[in-house]
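Reading the structure
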Amino acid sequence: MATLLLVIIYSLFITLAIPQSALGAVWQPIVKEFGFADGNLSIITFVLSGATVIASTFSAKLCKKFGIGKVVVAVTVFTAITLVGFALSNSLILFIILGFLSGLGSGAIDAPTNNFIASNYKPGVINFVHCFYGVGAFSCPLLISFALTATGKWQIAYIIMAGIFVFISIGTIIALPLWKKVEKLPKEDKEVFETRLLPFKKMAKVPSIWAVWIIFLVITGVEATIRSWGSSYLVKEYGFSHAIADNYFALFYIGMTACRLLCGFIVKLVKQMHLIYVGLSITALSVIAFMLPLSGEVKGMAFLLIGFGIGPIFPNLTYLTPANFGKDVSPSIVAIQATCCNVGIMLFSPLFGIIVEILGYAIFPYYVALLLLIVIICVIFYDKAPKRPSWL
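Described below are features of the structure shown in this document.

Conventions adopted
- Residues numbered from 1 in each chain as written.
- Predicted model: local features only at pLDDT ≥ 70, side-chain atom pairs only at ≥ 80, totals over all residues.
- Heavy atoms only, no water.
- Helix = DSSP H or I, 4+ residues; strand = E, 2+ residues; numbered from the N terminus.
- Rg over C-alpha atoms; globule rule 2.2 N^0.38 Å.
- Buried < 20%, exposed > 50% of the residue type's maximum accessible area, 1.4 Å probe, protein only.
- Areas by Shrake-Rupley, 256 points an atom, 1.4 Å probe, with all protein chains shown as cover.
- Lys, Arg positive; Asp, Glu negative; His and termini not counted.
- Charge placed at Lys NZ, Arg CZ, Asp CG, Glu CD.
- Core = buried A, V, L, I, M, F, W, Y, C linked by side-chain atoms within 4.5 Å.
- Patch = residues over 30% accessible without salt bridge, like charges linked within 9 Å, V, L, I, M, F, W, Y side chains within 5 Å.
- Salt bridge = Lys/Arg side-chain N within 4 Å of Asp/Glu carboxyl O.
- Bend = angle between axes of the 7 residues up to and from the residue.
- Axes fitted to C-alpha atoms, helices over the stretch in contact; angles between N-to-C directions.
- Parallel < 35°, antiparallel > 145°, perpendicular 65-115°, else oblique.
- Contact = heavy atoms within 4.5 Å.
- Nonpolar A, V, L, I, M, F, W, Y, C, P; charged D, E, K, R; others polar.
- Phe/Tyr/Trp six-rings, centres within 6.5 Å; stacked < 30°, edge-to-face > 60°.
- Polar contact = N/O pair within 3.5 Å; in protein donor to acceptor, adjacent residues only side chain to side chain.
- Disulfide = S-S within 2.5 Å.

Points about the overall build of the protein chain
Each helix and strand counted, the protein chain has 15 helices and zero strands in total. A compact globule built from 392 residues would reach a C-alpha radius of gyration of about 21 Å, and the protein chain, at 20 Å, matches this within 12%. In terms of overall dimensions, the protein chain has a C-alpha envelope of 60 × 45 × 35 Å along the principal axes. With 392 residues in all, the protein chain has 55% of them scored as buried. Summed over its atoms, the accessible surface of the protein chain is roughly 17,300 Å², and 71% of this surface lies on carbon and sulfur atoms. Taking the 26 positively charged and 15 negatively charged side chains of the protein chain as two groups, their mean positions are separated by 11 Å.

Given below as structure tokens:
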């Protein structure tokens, strides 16, 4: 029963990465067909992220009222419809509206599914789940490339993606009774709990909760900055072609996915905080390499290690939330964690876009290093600080 539901969750996370990766991959064909400005993509992605923030903030209340299974079914069906909408759109306003709707869908189930896994499965599972998300992120550009090569139409890729979501929707409908059954299965820790919704003001009184929120805020900012500007940094500073720079940048997600796969196997042998510390150490050394007078090829390869180092942070910190603060209140805390992630995406990457206009791309490694330093300080504080006070 738990294994069958886990297969559905793995499939769900593969598909969740698809709409988030698709728009950037098809943007140039869209620009060519409709005459949009390149900068319009930033508007759509900003609106999408904003919608994700809104949905993430209220996701715990949604799942408390309707149940996580029903929310997942609704979102997969809803996302299939929005993907068809993208394929049929021909105006910027429609793209912006659909981006908003797509963001609402992904935001509504990101935090609840992460919390569900952390509360009901062993720690290796959440690493595998996020590994499968990486598989989806890789697969989406390949699917789009295939559609463009075979038909010359980006819309075909969106229709195929919508079909995949319809298939996943059927699976989530079949699995609907399993969510509650898995929650009722006996756990190794024998903990019996009833979910409680915590107001933000109460959570904000706990310093360790603030620390973990800042970690998620900034580490996703690091990832978003590298995702948006890493390739351009290699082009502008080292003269690589866009194709070669993109190949180097792909190493970032290869490293992240490989690390999460590895963590899924070794997390039984190594404490999760130790995995996070090792990951931060690898990332820090790799960022330092960016500051040294090394060749562009070496710095391109460093993306692999940066991705590998960042890999353990998100899934393992998420898994530790119920353990550190209690399964009864973790849905509320994880919901704000997801909100912080999307705020980080909206904040730090555009901020670097402003800074780069003033100081140039040479500032890239120093900007990433500053954000990483904030993460390291907060992780150390979070590790040492008391977690759940008696009044929470």
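Considerations on the nonpolar core
Trp213, Ile215, Ile226, Phe252, Leu317 and Tyr382 are the most contacted members of the largest nonpolar core, which has 58 residues in total. The set of elements that each furnish at least two residues to this core consists of helix H9 (207-238), helix H10 (242-266), helix H11 (272-291), helix H12 (296-310), helix H13 (313-325), helix H14 (330-359) and helix H15 (364-384). Counting residues in hydrophobic clusters, the runner-up holds 30 residues, among them Ile8, Leu16, Ala175 and Tyr319.

As for a nonpolar patch on the surface
Together, Phe200, Trp210, Ile214, Leu370, Leu373, Ile374 and Ile377 make up a nonpolar patch on the protein surface, roughly 630 Å² of accessible area in all. Taken together, the elements giving at least two residues each to the nonpolar patch come down to H9 and H15. Take the nonpolar patch: its biggest share by element is four residues, from H15. Residue placement: Ile377 occurs in helix H15.

Some thoughts on H9
The largest bend in H9 comes to about 50 degrees, at Trp229. Following H9 by one or two positions, Gly239 has its phi on the positive side, about 75 degrees.

Observations regarding the packing of H9 against H12
At a minimum axis distance of 11 Å, the contact between H9 and H12 shows a crossing angle of 170 degrees. On the basis of the axis angle, H9 is roughly antiparallel to H12. Contact residues: Ile219, Val222, Ile226, Gly230, Tyr233, Leu234 and Tyr238 in H9; Gly296, Lys299, Gly300, Phe303, Ile306 and Ile310 in H12. Class assignment for the residues of the contact of H9 with H12 results in nine nonpolar, three polar and one charged.

A closer look at the packing of aromatic side chains
To describe a pair of aromatic rings, one takes the distance between the centres and the angle between the planes. Counting across every chain of the model gives 27 aromatic pairs. Ring geometry for Phe36 against Phe95: centres 5.8 Å apart, planes inclined by 85 degrees, an arrangement best described as edge-to-face. Residue Phe36 is found in the loop between helix H1 (2-34) and helix H2 (40-66), and its partner Phe95 is found in helix H4 (residues 92-120); the two are separated by 59 residues along the sequence. Take Phe36: its relative accessible area is 11%, and that puts it in the buried class. By relative accessible area, which is 0% here, Phe95 ends up buried.

Details of the environment of Asp383
Along the chain, Asp383 falls in helix H15. Under the relative-accessibility criterion, Asp383 is labelled partly exposed at 27%. Residues Asp383 and Ser208, 175 residues apart in the sequence, show an inter-C-alpha distance of 8.4 Å. When residues no more than four places from it in sequence are discounted, the contact partners of Asp383 are Met273 and Tyr277. A polar contact of 2.9 Å, which involves the side chain of Asp383, links it to the side chain of Tyr277.

Considerations on the state of the cysteines
Scanning the entire structure with this criterion turns up zero disulfides. For Cys63, which is in no disulfide, the shortest distance to another cysteine sulfur is to Cys341 and amounts to 17 Å. In this structure Cys63 comes out as buried when scored by relative accessible area, which is 15%. Here Cys341 stays free of any disulfide, with the sulfur of Cys340 as its closest cysteine sulfur at 7.1 Å.

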